Amino acid sequence: MTYLFDFPHGPTDSNGYIPNNGPTIKPTGKMKNDAPWRPWKSYFDAIIVDARKPLFFGEGTPLRKVDCETGKLALGSYIGQMQPNTVYCGGNSELLSEIMGAKGKDVLYVGDHIFGDILKSKKSHGWRTFLVVPELAQELHVWTDKQDLFSRLQNFDKLLADVYRELDSRHKEIPDISSLQKAIKQVTHEMDMSYGMMGSLFRSGSRQTYFASQVIRFADLYATSFINLMHYPFSYFFRAPHVLMPHESTVSHSTRFEPESPMATRARAWSVDPDTPGTRGPVSQSATIACVDGLKIRPMLPRQITHTHDEDDDSEESLQSEEDSMTSTSVDATQIAEK
């Protein structure tokens, strides 16, 4: 395996090899060796080890200098600006943000632990997150090599939907789907065993695992290694693919949906003439509010862009409110159960 610092950084020696602290490296035709060699510590503005996450994202520990020759820690807490090519131990995320001069969505945090790295950094500071999942290489291998299993599972799902397609509440007979259920279980088992004894990290058949839902919820990016970022410019704009909900994926755009009741739609009518509320037409400069008997029943539609979904909406407040809401729901359910 080739690591980031295994790439050549300078001229070769007399034997054509690049000097390195570890194993010697033989440069290839694609490697550039016209730059002077640099030690690995020179690539970082700050180096912190033994951060003791997730404590690092809270009160943290005292920041101390590390002697790279002996591995011993300096006495007392270090105060002041971090020095280049120096290794430190401990500290906390607030101190690191001050050193970097960046906070919130201006920080991309790379980690390999969904709770200790990704969830904590996003919840505490609203950082952008990059989750390293080494198992993703095996997941992609099975996804491409066993595509026939996924196709068979999709076909079974379609057959299962066709069984109930023409049925409604008037039908009393229960269709026999035992053979389809058995086939789905068999294909699901074959898929799970293709990933190994422990199955897939992200799915079981057509269902996603809890870990997969956490990755989608808290990780802004994920890959097998952070080295994948070398293939993108620093200005690259990462955007997640459009995800359809069940009601969107099962109803095509060509289908004309007519609501059975006027209350089934919340579409608001724009007024061509400010003096004629409720008439449909092109968007006018001054939109009016629909009125019934002199009472305003609908607010005015916004006249400027209010879309903020692509911004950093996973701040500490939003995550904390979600956690409080989940806790409150659990308490209410417990009280109901006791009654």
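The rules behind the values
Residues numbered from 1 in each chain as written. Predicted model: local features only at pLDDT ≥ 70, side-chain atom pairs only at ≥ 80, totals over all residues. Heavy atoms only, no water. Helix = DSSP H or I, 4+ residues; strand = E, 2+ residues; numbered from the N terminus. Buried < 20%, exposed > 50% of the residue type's maximum accessible area, 1.4 Å probe, protein only. Contact = heavy atoms within 4.5 Å. Core = buried A, V, L, I, M, F, W, Y, C linked by side-chain atoms within 4.5 Å. 1 Å grid on protein atoms, 1.4 Å probe; cavity = no way out; pocket = protein on both sides within 12 Å on 5 of 7 lines; lining within 4 Å. Points joined across faces, edges and corners; volume = space filled by probe spheres on them. Nonpolar A, V, L, I, M, F, W, Y, C, P; charged D, E, K, R; others polar. Pairing = 2+ DSSP bridges. Right-handed = clockwise from strand over helix to strand, strands pointing away. Phe/Tyr/Trp six-rings, centres within 6.5 Å; stacked < 30°, edge-to-face > 60°. Lys NZ or Arg CZ within 6 Å of the ring centre and 35° of its normal. Arc of directions from axis to C-beta. Salt bridge = Lys/Arg side-chain N within 4 Å of Asp/Glu carboxyl O. Axes fitted to C-alpha atoms, helices over the stretch in contact; angles between N-to-C directions.

Participant: Residues and numbers for the overall build of the protein, please.
Facilitator: Secondary structure assignment for the protein yields eight helices and ten strands. In the protein, which comprises 339 residues, the share counted as buried stands at 23%. Put simply, 53% of the contacts in the protein that link residues at least 6 apart link residues at least 24 apart.

Participant: Give a detailed account of the nonpolar core, specifying residues and quantitative values.
Facilitator: If you look at the biggest cluster of nonpolar residues, it comprises eleven residues: Ile114, Ile118, Leu119, Leu131, Val133, Leu136, Phe202, Ala212, Val215, Phe218 and Ala219. Counting only elements with at least two residues in this core, the list comes to α2 (114-125) and α6 (210-218). Contact partners of phenylalanine 202, with chain neighbours within four places excluded, come to Val133, Leu136, Glu139, Arg207, Gln208, Thr209, Phe211, Ala212 and Val215. By size, the runner-up hydrophobic cluster in this structure holds ten residues, among which are Val142, Leu149, Phe150 and Leu153.

Participant: Could you give me a rundown of the layout of surface pockets, with the residues and numbers involved?
Facilitator: Volume-wise, the second largest pocket comes out at about 360 Å³. Trp143, Phe150, Leu153, Gln154, Asp157, Arg203, Gly205, Ser206, Gln208 and Ser249 are the residues that line the second largest pocket. The element best represented in the lining of the second largest pocket is helix α4 (residues 147-163), accounting for four residues. Residue composition of the lining of the second largest pocket, by class: three nonpolar, five polar and two charged.

Participant: Residues and numbers for the pairing of strand β4 (residues 108-111), please.
Facilitator: Residues of β4 alternate between two faces, with Tyr109 and Gly111 buried on one and Leu108 and Val110 left unburied on the opposite face. Relative to strand β5 (residues 128-132), β4 runs parallel, the two being bridged by four bridges. Bridging across to β5, tyrosine 109 finds its partner in threonine 129. Crossover β4 to β5 through α2 is right-handed.

Participant: Please set out unusual backbone geometry residue by residue, giving values where relevant.
Facilitator: With an omega dihedral of 5°, the bond running from lysine 53 to proline 54 counts as a cis peptide bond. Structurally, proline 54 can be placed in the loop between β1 (47-49) and β2 (61-66). Look at aspartate 50: it is not a glycine, yet its phi comes out positive at around 50°. For aspartate 50, the location among the structural elements is in the loop between β1 and β2.

Participant: Break down the side chain of glutamine 214 for me, citing the residues and quoting the values.
Facilitator: Here glutamine 214 shows up in helix α6. Owing to a relative accessible area of 16%, glutamine 214 belongs among the buried residues under this scheme. Apart from the residues lying within four places of it in its own chain, the contact partners of glutamine 214 are Ile114 and Ala219.

Participant: So, the packing of aromatic side chains: which residues are in play, and what are the values?
Facilitator: Counting across every chain of the model gives twelve aromatic pairs. Taken together, the aromatic side chains of Phe56, Phe57, Tyr109 and Trp127 make up a single cluster linked through ring pairs. The ring of phenylalanine 218 is capped by arginine 217, whose NZ or CZ atom sits 5.2 Å from the centre of that ring.

Participant: Describe α6, with residues and values.
Facilitator: The set of residues buried in α6 consists of Ala212, Gln214, Val215 and Phe218. Along the axis of α6, the buried positions cluster into a sector of 160°, meaning they face one direction only. Residues of α6 that are exposed and point over 90 degrees away from its buried face: Tyr210 and Ile216.

Participant: Pulling in residues and values, what's your account of the pattern of salt bridges?
Facilitator: Under the definition given, this model contains six salt bridges. One salt bridge in this structure joins aspartate 220 and lysine 122, with 3.1 Å as the shortest N-O distance. Of this pair, aspartate 220 sits in the loop between α6 and β8 (221-223) while lysine 122 is found in helix α2, placing the two residues 98 residues apart along the sequence. Between aspartate 220 and arginine 128 there is a salt bridge, and its shortest N-O distance comes to 3.8 Å.

Participant: Please give an account of the sheet that holds β5 that cites residues and values.
Facilitator: A sheet is described by the order of its strands in space; here three strands give the open sequence β4-β5-β8, paired in parallel fashion. Two strands bound the open sheet, and with one partner strand each, they are β4 and β8. Taking each pair of neighbouring strands and ignoring which way they run, the sheet shows an average axis angle of 20°. In the sheet, β5 pairs with β8 via three bridges, with the strands oriented parallel. Of the residues in β8, the one forming a bridge with phenylalanine 130 is leucine 221. The strands touched by α2 within the sheet are β4 and β5, with β5 carrying the most contacts at an inclination of about 170°.

Read these as geometric descriptors, not functional statements.
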